[in-house]
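# Per-entry structural report
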Amino acid sequence: MDILLQIYQSVYTSFTDLNSRLAVFYLCITVLIVAVLWMVRGRPSSFIAYLLPKEVYLHKSNLVDIKIFLFNSLLSVLELFALVTMTALMTSGVLNMLLTATGGSLAPVEMTLSKLAAATLIMILTLDFCKYWAHRLHHETMILWSFHALHHSVEIMTPLTASRNHPVFLVLRALLNTVVVGTVQALMLFLLMGKIEILTIGSVNAAYFIFNAFGSNLRHSHVWLSYGPVLEHVFISPAQHHVHHSIERKHFNKNYGEVFAIWDLMFGTLYVLREHEKLEFGLSNLKGERVEQPYPTLRSALLHPFADSWKALWKGTSRDPKLQKRQERAAS
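Everything numeric in this text was worked out from a predicted model, so none of it was measured.

### With respect to the nonpolar core
Counting residues in hydrophobic clusters, the biggest one holds 15 residues, and the most contacted among them are M123, V181, Y208, V259 and F260. Of all the secondary-structure elements, those providing two or more residues to this core are helix 8 (113–140), helix 10 (167–193) and helix 11 (198–213). Among the elements that take part in this core, helix 8 stands out by supplying 6 residues, more than any other. Each residue touching V259, except ones within four places of it in the same chain, is listed here: D128, Y208, F211, V234, F235 and I236.

### Section: helix 7 (residues 87–102)
If you check helix 7, its first and last C-alpha atoms are 23 Å apart, about what 16 residues at 1.5 Å a residue would give, namely 22 Å. Looking only at helix 7, the buried set comprises T87, T91, V94, L95 and L99. One face of helix 7 carries all of its buried residues, which in axial projection span an arc of 140°. Of the exposed residues in helix 7, the ones pointing more than 90 degrees away from its buried face are L89, M97, T100 and A101. Just downstream of helix 7 lies G103, where phi reads positive at about 65°.

### A word on helix 9 (residues 142–152)
Buried residues dominate helix 9, accounting for 8 of its 11 residues. When helix 9 is considered as a whole, its buried residues turn out to be W145, S146, F147, H148, A149, L150, H151 and H152.

### So, a nonpolar patch on the surface
Nonpolar side chains collect at one region of the surface, where L18, F25, F209, I210 and F214 lie side by side and expose about 480 Å² of accessible area between them. By secondary structure assignment, the location of F25 is in helix 2 (residues 24–40).

### Digging into the pattern of salt bridges
Inspection of every chain in the model, using the stated rule, returns 6 salt bridges. Note that E277 is salt-bridged to K250, the shortest N-O span being 3.8 Å. Placement of the pair is E277 in the loop between helix 13 (262–267) and helix 14 (298–314) and K250 in the loop between helix 12 (238–244) and helix 13, with a sequence separation of 27 residues. By relative accessible area, E277 is classed as buried at 15%. The exposure class of K250 is partly exposed, given its relative accessible area of 45%. Here the residues in one salt-bridge network are R21, K131 and E258, joined through shared partners.

### With respect to unusual backbone geometry
With phi around 50°, R43 is a residue other than glycine that occupies positive phi space. Tracing the backbone through its elements, the reader meets R43 in the loop between helix 2 and helix 3 (47–51).

The rules behind the values
Residues numbered from 1 in each chain as written. Predicted model: local features only at pLDDT ≥ 70, side-chain atom pairs only at ≥ 80, totals over all residues. Heavy atoms only, no water. Core = buried A, V, L, I, M, F, W, Y, C linked by side-chain atoms within 4.5 Å. Buried < 20%, exposed > 50% of the residue type's maximum accessible area, 1.4 Å probe, protein only. Helix = DSSP H or I, 4+ residues; strand = E, 2+ residues; numbered from the N terminus. Contact = heavy atoms within 4.5 Å. Expected span 1.5 Å × (residues − 1). Arc of directions from axis to C-beta. Patch = residues over 30% accessible without salt bridge, like charges linked within 9 Å, V, L, I, M, F, W, Y side chains within 5 Å. Areas by Shrake-Rupley, 256 points an atom, 1.4 Å probe, with all protein chains shown as cover. Salt bridge = Lys/Arg side-chain N within 4 Å of Asp/Glu carboxyl O.

Okay, structure coming up:
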């Protein structure tokens, strides 16, 4: 019973903690945004049908989203993700190495508004940079893609789709954040601040508060919202993330960013919208043809990526099952 209570508390926290984009506060703001879009677009149906279409929220894909969300909540209760989120330890370790290498010590540093602003901006950009590369590496490395394909196999999207992630993907992303964010924090302490200011942490949280409040839940939804071609060179709009989920070939490997579009612009993966594009979500082959849903159940969602990753590891080698079969046919 204790474990069930802890799972309940974990789920409850997901809808109450302002660090979670699923917090009721953010969901209420999302409803208001959708209401404005509904009116601007001429009230195409009843508001409830526009906000919560049955074909989306009763779809089998959404039911799998719910199961994955609950399973990952269980893993959170078991502290699997906490075990690999050791940013503070990484910061301390790198800082000690810097102090040892330079023979220096941390002197009290006067915190000015400009230093606070610089530290806040550095941390926000570092977090977003980590998310960009964790995302991109999972797309462009076949061994890792197997674990991220689960997220992209969704055929419809709701705000809960943001939690449709394989535990391996979450662990690897947490590890990357630990290494990069921990190192950057140590450098900031050594070169800029001297100590972690609560105002810096608060400022970073405030920035993500704004992101979560104004549109983050529409990134995974049936509601289209583009920021226009100018702003979409700076920020990733919900519509741009819809493009990222598209099965069409021209949309493959585009718009990896979460908050900022600058990384996609810098590394050549930005897709800026010029008009409303009708999209289909899911998985497709290299020709852009839809493939059958490979993860129709929670069991397949959790286990099949391991098998797919194993096959990708040996592809093209003497241990490739397909190559072995061709050799056997040639020998016979």
